[in-house]
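In case you want the letters, here they are:
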Amino acid sequence: VSAIKYEDWEGQLWPGAELSYNLEDIQLFAGADRSFRLPSFTELYYMDEYFQGNSQLEPESQWTYETGIRFYGDGYFGTVAVFHKAGSNLIDWVRQRIPAISAYDRTYSPRNVAENNVTGIDFTGVWLPEIGGKTFKITSFRLIYSYMDLSWDPGDAISLYVFTHYNPVSYTHL
């Protein structure tokens with residue numbers, strides 16, 4: 001558990017724990033933790049023609065939960081895990097809609113814009129075959145797969161970062 005008190009924000013507490021149970025070549029695990037991110041100097045104070053900092057930002061925070069299985073054997077190992085992340089007060093640079101003229105302000109300003117939920121699954125498998133000789137040798141094959149399903153409510157704003165990068169994602173790496 002970590003805790004800190006900042007002059008401009010109330011104290012923050014970051015609890016976290018992981019439990020695991022070993023069975024022969026398998027390890028079952030589960031964990032939970034809380035994290036947060038303070039606004040950057042740029043988000044708080046930067047100003048130019050198209051960007052206006054916001055000194056009223058609050059820190060982002062997130063709870064993360066994960067459970068899964070790690071497996072080990074002679075020449076292989078891997079992990080299968082499911083996770084859920086619940087975030088609040090996400091900071092993003094946005095352009096606000098001006099209802100009176102049905103248009104958007106041209107200036108981006110950081111705001112605590114949303115809460116989000118991310119649920120997903122990760123799989124990593126590694127095989128260590130030791131194939132080949134002195135000039136060419138294969139020492140491992142890896143298969144990594146991740147899937148994430150994200151949900152959030154951007155409201156009536158045009159996002160510069162957060163909402164433009166959060167889409168259902170599937171990722172495979174060989």
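The preceding data block contains the structure.
Residues numbered from 1 in each chain as written. Predicted model: local features only at pLDDT ≥ 70, side-chain atom pairs only at ≥ 80, totals over all residues. Heavy atoms only, no water.

Colleague: Mind showing me how you'd approach the overall build of the chain here?
Modeller: Looking only at helices and strands, one finds one helix and 13 strands in the chain. Sequence-ordered secondary structure for the chain, helices as α and strands as β, is β-β-β-β-α-β-β-β-β-β-β-β-β-β. Counting across all 174 residues of the chain, residues that qualify as buried make up 25%. (Helix = DSSP H or I, 4+ residues; strand = E, 2+ residues; numbered from the N terminus. Buried < 20%, exposed > 50% of the residue type's maximum accessible area, 1.4 Å probe, protein only.)

Colleague: Explain the pattern of salt bridges to me, please; I cannot follow it from the model alone.
Modeller: Pairing is possible between side chains that carry opposite charge, provided their charged atoms lie close to one another. Evaluated as defined, the whole model comprises three salt bridges. Glutamate 18 is the partner of arginine 70 in a salt bridge, and the nearest nitrogen-oxygen pair spans 3.5 Å. Taken as a pair, arginine 70 in strand S5 (residues 60-73) and glutamate 18 in strand S3 (residues 16-23) lie far apart in primary sequence, 52 residues in all. Put simply, glutamate 43 and arginine 37 hold a salt bridge, and the shortest N to O gap is 3.1 Å. A single network of salt bridges, built from pairs that share partners, joins Arg37, Glu43 and Glu60. (Salt bridge = Lys/Arg side-chain N within 4 Å of Asp/Glu carboxyl O.)

Colleague: So what exactly am I meant to see when it comes to the side chain of glutamate 43 here?
Modeller: The residue glutamate 43 is located in helix H1 (residues 41-45) in this model. Contact partners of glutamate 43, with chain neighbours within four places excluded, come to Arg37, Leu38, Gly53, Asn54, Leu57, Ile91, Trp93 and Pro110. (Contact = heavy atoms within 4.5 Å.)

Colleague: Which parts of the structure should I look at to understand the packing of aromatic side chains?
Modeller: Centre distance and the angle of the planes are the two values used to describe a pair of aromatic rings. In total, this model carries seven aromatic pairs according to the counting rule given. Both rings, one in phenylalanine 51 and one in tryptophan 93, keep their centres 5.5 Å apart while their planes meet at 80 degrees; by these two values the pair is edge-to-face. Note that phenylalanine 51 is positioned in the loop between H1 and S5 and tryptophan 93 in strand S6 (residues 76-98), a separation of 42 residues in sequence. Residue classification places tryptophan 93 among the buried positions, given a relative accessible area of 8%. Between tryptophan 127 and phenylalanine 141 the ring centres are 5.3 Å apart and the planes differ by 15 degrees, which places this aromatic pair in the stacked class. Within this pair, whereas tryptophan 127 is found in strand S8 (residues 109-127), its partner phenylalanine 141 is found in strand S11 (residues 141-152), the two being separated by 14 residues in sequence. Residue tryptophan 127 is classed as partly exposed on the basis of its relative accessible area of 45%. The exposure class assigned to phenylalanine 141 is partly exposed, which follows from its relative accessible area of 39%. Through a chain of ring-to-ring contacts, the aromatic side chains of Phe51, Trp93 and Tyr108 assemble into a single cluster. (Phe/Tyr/Trp six-rings, centres within 6.5 Å; stacked < 30°, edge-to-face > 60°.)

Colleague: What am I meant to see in unusual backbone geometry here?
Modeller: One can expect most non-glycine residues to show negative phi and most peptide bonds to be in trans. Notably, glutamate 24 is not glycine yet its phi reads approximately 45 degrees, a positive angle. Relative to the elements of secondary structure, glutamate 24 occurs in the loop between S3 and strand S4 (26-37). For glutamate 24, a relative accessible area of 84% translates into the label exposed.

Colleague: Sorry, what's going on with the side chain of glutamate 60 here?
Modeller: Position of glutamate 60 relative to the elements: it lies in strand S5. Among the residues examined, glutamate 60 registers a relative accessible area of 14% and is labelled buried. Separated by 2.7 Å, the side chain of glutamate 60 and the backbone nitrogen of isoleucine 91 make a polar contact. If we skip the residues at most four places from it in the chain, glutamate 60 touches Ser35, Phe36, Arg37, Ser88, Asn89, Leu90 and Ile91. (Polar contact = N/O pair within 3.5 Å; in protein donor to acceptor, adjacent residues only side chain to side chain.)

Distances and angles like these do not, on their own, reveal function.
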